[in-house]
Amino acid sequence: MNSITLGLKKWWVPGLLIVILLLLAGLPRFAPMYTVILATSILMYVILTQSWVLFSAPTGYFSLATAAFFGVGIYTAAVLGFTLPLPVVVIIAALISSCLAFVVGALTLRLRGIYFIIFTLGLVELIKNVVLWHAIKFAGARGRFVVLVPNNTIYYVMLAILVALLLTTFLIRRSRYGLALQSIGENEEAAAHTGVNVTMVKVITFAISASFMGAAGAIIATRWTYIDPYIAFKSLYSFMPALMAIFGGMGQFYGPILGSVVFAYLEEVLITKFPYHYMLLFGAILLIVILYLPDGLVGLVQKARKTVLQRGEHAIT
Amino acid sequence: MPLLEGEGVTKHFGGLAAVSHVDFQVDQGEIVGLIGPNGAGKTTLFNLISGALVPKAGAISFRGEKINGLKPHRICRMGLARTFQSVKVFPNMPVFENVLLGSLFGTSNRQSTADAAAYAGETLEFVGLSEIRARPARDLTLANQKRVEVASALATKPELLLLDELMAGLNATEVAQAMELVARIHDRGITIFMIEHVMKAIMNVCDRIMVLHHGEKIAEGTPQEITTSKTVIEVYLGE
């Protein structure tokens, strides 16, 4: 009995995930176009959040560079989208973003705490201004047009990126590499003295996480049709993934996913229902969550489950 | 050739010479003690040897190879492991995973996960923590956390083990157990270099003792010679 419940516990999260992914794969067949577009935005936020979590949660390095890698992906699509096939563009975007993360990581991952956070935020501004300078000086225009892609294609590419990301996360967590990552977050000095090549583990994970951010940027850019540095390198895209992860709760694997789905959906609903006050409402909801749900939505779920289980036990005895 | 050798090792913090022109050597199979008043530079010297700090001048070599300037993980994989004065375990990981990290990453040859897990299990057995292997390290007593640290260091299969105040903060029974553990580690053929304030321990187990004061080596010799040395009594042991 006990081993069966344990087995169930172990499998219900991946099982549920597979069911959800299958449903998502069939979504464009039965849902209206509006739902597909909304789902694409939600998937994009799930990717940004989950790839942020991949690096920042175990290591404790709080990165605000998401917008930089995302923006590099967006610009890759704008520059190469008209000449190369879409999958190639997405892969190149992932590669460029991860190379950038590799270089930046090698230079800055020795910084800890607040210094790292500020540097990563500065990186977004730096790249934004370099791109802006280049655009005005050489191209003569601030923005660029992006190749058009059908909505269903955008949706499926986004879904494929998410599946790849979830698989990567799962494999890293299960491997010795995942253990090394966790040891860095718990005590970096001890990890180094136990034989973990802390610099390499950090830099490579940072690069892997950035590659998914870049891929997501490349595909979402095709929906926006026009981009400029202010759109592509918006610092909001740095804060959102971190907020969504905290909102969902980082204690569990599904926390950041749940957080980003609910958060992204909430944003959409609030924008459409209350176009003038949505930021205000959004802020209020966020404050309530931070104040009253320190463990995020996951904490709420666990509390609810505990109450239900306790009631069940009382009913039996 | 000595196992570990240092020549003119120097490290400054700002204007302060934490370690200055220290020569030392540890031979294969020895247990060498390092003593001195607080702030004498003992832990700094260990940090220089293990790669946590880089010396400003001087050379440190391990088995004849120069190691100053190498990253800590490289030094660890060469067979030089250490523990810390302020216990550094991985608090939220189970005891077993704490040790597994050592056998997965710290050995000179990369082992398969199964072999690494088997060796981590053996090492836990050796330090006597098998029964609590599933508990998170943060829930253990100080004495047991120190054992976890020793176990993860041993799991890297070191030739030389640096122990930084293994006995600090332990009660009399625990000190006796720790001394016994040091002796058993030595019996496995591992050379030991240890910082200690518990005089009984250091006098009983060490073959040779070095004394640091204000970053300089002021004496070196057998426990007998150290306890009778006039300078050592003046600066450290007291009348």
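Residues numbered from 1 in each chain as written. Chains lettered and ligands numbered in written order. Predicted model: local features only at pLDDT ≥ 70, side-chain atom pairs only at ≥ 80, totals over all residues.

### Examining the overall build of chain B
For chain B, the helix and strand inventory stands at 9 helices and 10 strands. Radius of gyration (C-alpha) of chain B: 17 Å, near the 18 Å computed for a compact globule of 239 residues. Out of the 239 residues in chain B, the part that is buried amounts to 48%. The contacts in chain B between residues at least 6 apart in sequence include a share of 68% that link residues at least 24 apart. (Helix = DSSP H or I, 4+ residues; strand = E, 2+ residues; numbered from the N terminus. Rg over C-alpha atoms; globule rule 2.2 N^0.38 Å. Buried ≥ 20, exposed ≤ 12 C-beta atoms within 10 Å, placed from the backbone. Contact = placed C-beta atoms within 7 Å.)

### Remarks on the domain arrangement of chain B
Residues and elements named next belong to chain B. Taken domain by domain, chain B holds domain 1 (1-72 + 162-239) and domain 2 (80-157). At the interface, 15 residues of domain 1 touch 11 residues of domain 2. For the side of domain 1 that touches domain 2, the elements supplying multiple residues, two or more each, are helix 1 (42-50), strand 7 (160-164) and helix 6 (172-187). Counted by class, the side of domain 1 that touches domain 2 contains 9 nonpolar, 3 polar and 3 charged residues. (Domains from an automatic or database assignment. Nonpolar A, V, L, I, M, F, W, Y, C, P; charged D, E, K, R; others polar.)

### Regarding the sheet that holds strand 7 of chain B
Residue and element names in this part refer to chain B. Strand order in the open sheet formed by 6 strands is 6-7-8-3-9-10, with mixed pairing between adjacent strands. Only two strands of the sheet have a single partner each, and these edge strands are strand 6 (80-82) and strand 10 (216-221). Strand-to-strand twist across the sheet, computed as the mean angle between neighbouring axes with direction ignored, equals 20 degrees. In the sheet, strand 3 (residues 31-35) pairs with strand 8 (residues 191-195) via 4 bridges, with the strands oriented parallel. Paired with Ile-31 across the strands is Ile-192, a residue of strand 8. (Pairing = 2+ DSSP bridges. Axes fitted to C-alpha atoms, helices over the stretch in contact; angles between N-to-C directions.)

### Let's talk about the interface of chain B and chain A
Facing 21 residues of chain B, the contacting portion of chain A comprises 15 residues. Considering each element in turn, the side of chain B that touches chain A owes the most residues, 5 residues, to helix 3 (residues 95-105) of chain B.

### Some points on the nonpolar core
Membership of the largest hydrophobic core comes to 85 residues, with the highest contact counts inside it found for Val196(A), Val99(B), Ala151(B), Leu161(B), Ile192(B) and Phe193(B). The element best represented in this core is helix 3 of chain B, accounting for 7 residues. Taken together, domain 1 (1-72 + 162-239) and domain 2 (80-157) of chain B each give at least three residues to this core, which thus spans both. Not counting residues up to four positions away in its chain, the partners in contact with Phe193(B) are Leu4(B), Val26(B), Val32(B), Leu34(B), Leu160(B) and Leu162(B). Core analysis: the next-biggest nonpolar cluster, separate from the first, contains 76 residues, Phe55(A), Ala218(A), Phe233(A) and Met244(A) among them. (Core = buried A, V, L, I, M, F, W, Y, C linked by C-beta atoms within 7 Å.)

### So, helix 3 of chain B
Within helix 3 of chain B, 11 of the 11 residues are buried, which leaves it mostly tucked inside the rest of the structure. Among all positions in helix 3 of chain B, only Val95(B), Phe96(B), Glu97(B), Asn98(B), Val99(B), Leu100(B), Leu101(B), Gly102(B), Ser103(B), Leu104(B) and Phe105(B) are buried. Next to the buried residues of helix 3 of chain B lie helix 7 (176-186) of chain A together with helix 4 (113-127) and helix 5 (142-155) of chain B.

### So, the packing of helix 3 of chain B against helix 5 of chain B
Residue and element names in this part refer to chain B. Between helix 3 and helix 5, the least distance of the axes is 6 Å, while the angle of their chain directions is 30 degrees. In terms of axis orientation, helix 3 runs roughly parallel to helix 5. By crossing handedness, the relation of helix 3 to helix 5 is classed as right-handed. In this structure, helix 3 contributes Val-95, Asn-98, Val-99, Leu-101, Gly-102 and Ser-103 to the contact, and helix 5 contributes Val-148, Ala-151, Ser-152, Ala-153 and Ala-155. (Parallel < 35°, antiparallel > 145°, perpendicular 65-115°, else oblique. Left-handed = near helix turned anticlockwise from the far one by under 90°.)

### A short note on the confidence of the model for chain B
Looking at chain B as a whole, the pLDDT averages 93, with 100% of positions reaching at least 70. Listed scores for the predicted complex are pTM 0.90 and ipTM 0.91. (pLDDT = per-residue confidence, 0-100.)

### Some remarks on the pairing of strand 3 of chain B
Residues and elements named next belong to chain B. With respect to burial, strand 3 is a largely interior element, 5 of its 5 residues being buried. Covered by surrounding structure in strand 3 are Ile-31, Gly-33 and Ile-35 together with Val-32 and Leu-34, the residues of both alternating faces. Note that strand 3 and strand 9 (residues 208-213) share 4 bridges and pair parallel. Opposite Val-32, over in strand 9, you have Arg-208 as the bridge partner.

### Thoughts on the sheet that holds strand 5 (residues 65-66) of chain B
All names here are of chain B. The antiparallel open sheet is built from 4 strands, whose spatial order is 2-1-4-5. Every other strand in the sheet has two partners, leaving strand 2 (16-26) and strand 5 as the edge strands with one partner each. Relative to strand 5, strand 4 (residues 57-62) runs antiparallel, the two being bridged by 2 bridges. Bridge pairing in strand 5 links Ser-61 to Lys-66.

### Regarding helix 4 of chain B
Think of an α-helix as 3.6 residues a turn; residues three or four steps apart then line up on the same face. Residues and elements named next belong to chain B. Taking 1.5 Å as the rise per residue, helix 4 with 15 residues should run 21 Å; its terminal C-alpha atoms sit 21 Å apart, in good agreement. Burial in helix 4 covers these residues: Ala-116, Tyr-119, Ala-120, Thr-123, Leu-124 and Val-127. The buried residues of helix 4 occupy an angular sector of 145 degrees when projected down its axis, which confines them to one face. For helix 4, the secondary structure elements touched by its buried residues are helix 3, helix 5 and helix 6. At the C-terminal side of helix 4, Gly-128 shows a positive phi close to 80 degrees. (Expected span 1.5 Å × (residues − 1). Arc of directions from axis to C-beta.)

### Digging into the packing of helix 11 (residues 236-248) of chain A against helix 12 (residues 255-273) of chain A
All names here are of chain A. Running from N to C, helix 11 and helix 12 point in directions that differ by 110 degrees, and their axes come no closer than 7 Å. Judged by the inter-axis angle, helix 11 sits roughly perpendicular to helix 12. Every pair of crossing elements has a handedness; the one defined by helix 11 and helix 12 is right-handed. Counted together, Met-244, Ala-245, Phe-247 and Gly-248 of helix 11 and Gly-255, Pro-256, Ile-257, Leu-258, Gly-259, Ser-260 and Phe-263 of helix 12 form the full contact between these two elements. By residue class, the composition of the contact of helix 11 with helix 12 is 7 nonpolar, 4 polar and no charged.

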